[in-house]
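Examination of the molecular architecture
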Amino acid sequence: AAPPSTDFTPWPAATADRYRAAGYWQGETFSAWLHGLAARFGDRVAVVDGQRRWTYAELDEAASRTAGTFEGLGVSRGDRVVVQLPNIGEFLPVVLGLFRLGALPVFTLPSHRRAEIGHLAAATDAVAYVIPGVWERFDYHALAAEVRAAVPSLRLVIDATALGQEPSEPFDGTDVSAGDVAFLQLSGGSTGLPKLIPRTHDDYLYSVRASAEICRLSSDTVYLVALPVAHNFTMSSPGVLGVLHAGGRVVMCPAPSPAVAFPLIAAQRVTMTALVPPLALVWLDAAAGATDDLSSLELLQVGGARLADEAAARVRPVLGCALQQVFGMAEGLVNYTRHDDPPELVVGTQGRPISPDDEIRIVDSADVEVPAGTVGHLLTRGPYTIRGYYRAAEHNAVAFTADGFYRTGDLVRQLPSGHLVVEGRAKDQINRGGEKIAAEEVENHLLAHPAVLDASIVAVPDPVLGERSCAYVILRSGAPALTAGQVRAFVRSRGLAAYKVPDRVEFVDSFPQTAVGKVSKARLRHREGLS
Ligand code: J2J
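Residues numbered from 1 in each chain as written. Predicted model: local features only at pLDDT ≥ 70, side-chain atom pairs only at ≥ 80, totals over all residues.

Side note on the domain arrangement of the protein
Split into domains, the protein comes out as domain 1 (23-212) and domain 2 (429-530). Taking the mean C-alpha position of each, domain 1 and domain 2 sit 34 Å from one another. Its residues assigned to classes, the side of domain 1 that touches domain 2 shows three nonpolar, seven polar and three charged. (Domains from an automatic or database assignment. Nonpolar A, V, L, I, M, F, W, Y, C, P; charged D, E, K, R; others polar.)

Okay, structure coming up:
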């Protein structure tokens, strides 16, 4: 394992002092924050899942009980715990309980499988893995058994739906400090293996409080959790945590389809939700003929991938609510269009940063600032943007500048108002409707096939998802021919999340090269057009 010093890259002391002095970092832990919410909003409903409800006071108690259960099982402060839960009420007591204990949730998506969970558990030396039992006909106990067999540190598999059935002493430790890492969030990634993002209580709570304010949340807010709850967008922009901060109500939605979500919006009088662009398109289509009463909806946030201006313009006329574009990243920086922005900015930009102390640099490939208003690489630094990935010294040397700016890999231009327009991407990633695929990760799996000589994955345009993935594959001479279906089945058999399985597979004899002899992905992307 890497030495512990690479677990977390601190902000320079003077910078940290400045963030504290400005009031961004308030020295509050999630545990203290939750106690405060319980004191302020006690009997109000915090979370709804089907027929089940948790008030603020119950959530606070449940967090202490979960913390006690984990402590009783031998999990302690600083331990890593892989959390793989869908949109169910238990997510909050589990995560808030781990925060209270000082153990670090490692967030994953329900679609992740053996390859991802195994890697994340091993890379963090996780001691426990929290699963939902069976969900969407998938048995997470079976997955957990496979992962456990492969990862020696993993001692415990905990079914969240069975938690709290055995009485345990509540735990309410106090030795967690606000500067500590609270959890590890998953990065979209562009390299071989997914990277983890250490976020502190101080920095994350700042982004949550500020987001709640920008989005004008109140105790009247009813938020539908339509995207996966553990995603950074759903959790903090302003998401579940922002809604709790404001004393509002979080409604768990088991699936984001209109058939499931629309009746919940009507029944719970939902006021806001967050979607990725392809889902926004599906909702816009479905809303036209819907019989459900969607009139409570005041705000639709869309982010995770670029929303087409044309779709953005349809939100208010079709859904009868305001649109907010959100351009964020689990590494930190989040941009929002604002309530009082003129329509052309709401429709045509991806918003401006949360904080006056979010530093934005837009540069060329030599890190020289481009002229104002022109497209360049977005670099950023600020009070809630990390300075380094977890245990990734080598990668950190390229992902951050020497003076601590994070290289987002996004190509943007900035308007005089400060609003950013996302024009493209320089990182080797496919953004499949908001789900990020690191090209190299999937290429490495393809290369494991004995008949594959080389493989290269690129994004191809898609009218609904924005992008899909296409794998270009060179077979070994003399190897038995493969079909596209066999290649896809092979990737699936490697235990990858389904969204990473190439949508298309093309067999080629060679890859176009760049001037310096690397594979030219730009020319591969245009290959269809050329041939
Ligand atoms: C274009 N690209 C976008 C947008 C993200 C809020 C919202 C989203 C995320 C997220 C998040 C985009 N238009 N509106 O964490 O808190 C692409 C960029 C970015 C990457 C980050 C949040 N919104 N993107 O999507 O960590 O390429 O976070 O760098 O999953 O998504 O992905 P992720």
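Quick notes on the sheet that holds strand E11 (residues 222-225)
Two modes of strand pairing occur in sheets, parallel and antiparallel, and in both the strands are linked by backbone hydrogen bonds. Strand order in this open sheet of nine strands is E2-E1-E12-E11-E13-E14-E15-E16-E17, and the pairing throughout is mixed. The open sheet has two free edges, formed respectively by strand E2 (52-55) and strand E17 (352-353), since each of these has just one partner strand. Looking at chain direction, strand E13 (residues 272-275) and strand E14 (residues 299-303) are connected through four bridges and run parallel. In the strand pairing of E14, Leu 275 is matched with Val 302. Sitting on the sheet, helix H3 (residues 56-72) touches strand E1 (45-49) and E2, and the angle it makes with E2 is about 90°. (Pairing = 2+ DSSP bridges. Helix = DSSP H or I, 4+ residues; strand = E, 2+ residues; numbered from the N terminus. Contact = placed C-beta atoms within 7 Å. Axes fitted to C-alpha atoms, helices over the stretch in contact; angles between N-to-C directions.)

Notes on the UniProt feature "domain: AMP-dependent synthetase/ligase" (unreviewed entry) in the protein
UniProt feature "domain: AMP-dependent synthetase/ligase" (unreviewed entry): in the numbering of this structure it lies at residues 38-390. Across residues 38-390 one finds 34% helix and 24% strand; the C-alpha atoms that close the span lie 32 Å apart. (UniProt positions renumbered as here; feature names shortened; annotations may be inferred.)

Quick notes on the sheet that holds strand E26 (residues 504-507)
Here three strands make up an open sheet; going across it, the order is E24-E25-E26 and the pairing mixed. Two strands in the sheet have a free side with no partner beyond their single neighbour: strand E24 (452-462) and E26. Averaged over all adjacent pairs, the angle separating strand axes in this sheet is 25°, with direction ignored. With 10 bridges connecting them, E24 and strand E25 (residues 466-475) associate as antiparallel partners. Note on E25: the bridge partner recorded for Asp 462 is Gly 466. Strands in contact with helix H15 (residues 439-447) are E24 and E25; relative to E24, the strand with the most contacts, it is inclined by about 140°.

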